[in-house]
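Results of the structural survey
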Amino acid sequence: MTNLEKMLKLANEAKDLIIEFREEEIRLGENILKEISISEDGLTIYVTEVYDGEKEYALEEISGMFLTEMRGWGPCSAQLYEAISMAQSEVESEYKRMNKEEYIQYVGGLYYMELRCEEIYVRLEQIEQEAAELL
């Protein structure tokens, strides 16, 4: 496999992980991802989101698109974990609105989302390293 093929494989994996991450976030609100594509050489991922518009991310820095959401910034806490924590603290009120199956899916989904989004973020960091080694 050539370096170009390896880079494209990493870029496609990163693209799929970004889509999955944003789909998991739907549990907390709307899907802000409008469009995502990769460059022909796999070095760049183009992301269009509802509020931020279109942005370009180099593959070797792709986890940076989730840095504030996952790790926070300065004294600010991580946005995703804060939103999940708030949703988890309100699960009791959701119990009264949902039937048994809906409630189990909702609560289980919140806890799954927290773990899966962390796993996605870590894998994106690994993709960065693998892409940097190919350059």
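Scroll up a little and you will see the structure.
**Looking at the nonpolar core**
Ranked by size, the top nonpolar core spans 27 residues in total, and within it I18, I45, L59, I62, F66 and L124 carry the most contacts. When residues of this core are traced back to their parent elements, those giving at least two are α1 (3-25), β1 (33-38), β2 (44-49), α3 (79-89) and α5 (100-134). Sort the elements by how many residues they give to this core and α5 lands first, with eight residues. Leave out the neighbours within four places in its chain, and L59 touches M7, L10, A11, A14, G42, L43, I45, I127, E128 and A131. Membership of the second largest hydrophobic core comes to seven residues, among which are A87, Y106, V107 and L110.

**Section: α1**
Taking 1.5 Å per residue, 23 residues should reach 33 Å; α1 reaches 33 Å between its end C-alpha atoms and fits that length. Residues of α1 that are buried: M7, L10, A11, A14, L17, I18, F21, R22, E24 and E25. Its buried side turned inward, α1 meets β1, β2, α2 (67-71), α3 and α5.

**Topic: the side chain of T48**
In this structure, T48 sits in strand β2. Look past the residues within four positions of T48 in its chain and what remains in contact with it is I32, L33, K34, E35, G53 and E54.

The rules behind these values
- In this convention, every chain numbers its residues from 1, walking through the sequence in written order.
- The predicted nature of this model means local features are confined to residues of pLDDT at least 70 and side-chain atom pairs, given and counted, to a pLDDT of 80 or more, with totals for whole chains, interfaces and linings taken over all residues.
- Hydrogens and water are ignored here; the side-chain numbers use all heavy atoms of the structure.
- Put simply, a nonpolar core is a bunch of buried Ala, Val, Leu, Ile, Met, Phe, Trp, Tyr and Cys residues held in one set by side-chain atoms that sit within 4.5 Å of each other.
- Relative accessibility under 20% of the residue-type maximum defines a buried residue, over 50% an exposed one, and the middle range a partly exposed one, all with a 1.4 Å probe and only protein chains included.
- Helix numbers and strand numbers start at the N terminus; a helix is a DSSP run of H or I with at least 4 residues, a strand a run of E with at least 2.
- Contacts are assigned to residue pairs that have any heavy atoms within 4.5 Å of one another.
- Helix span, expected: 1.5 Å multiplied by one less than the number of residues in the helix.

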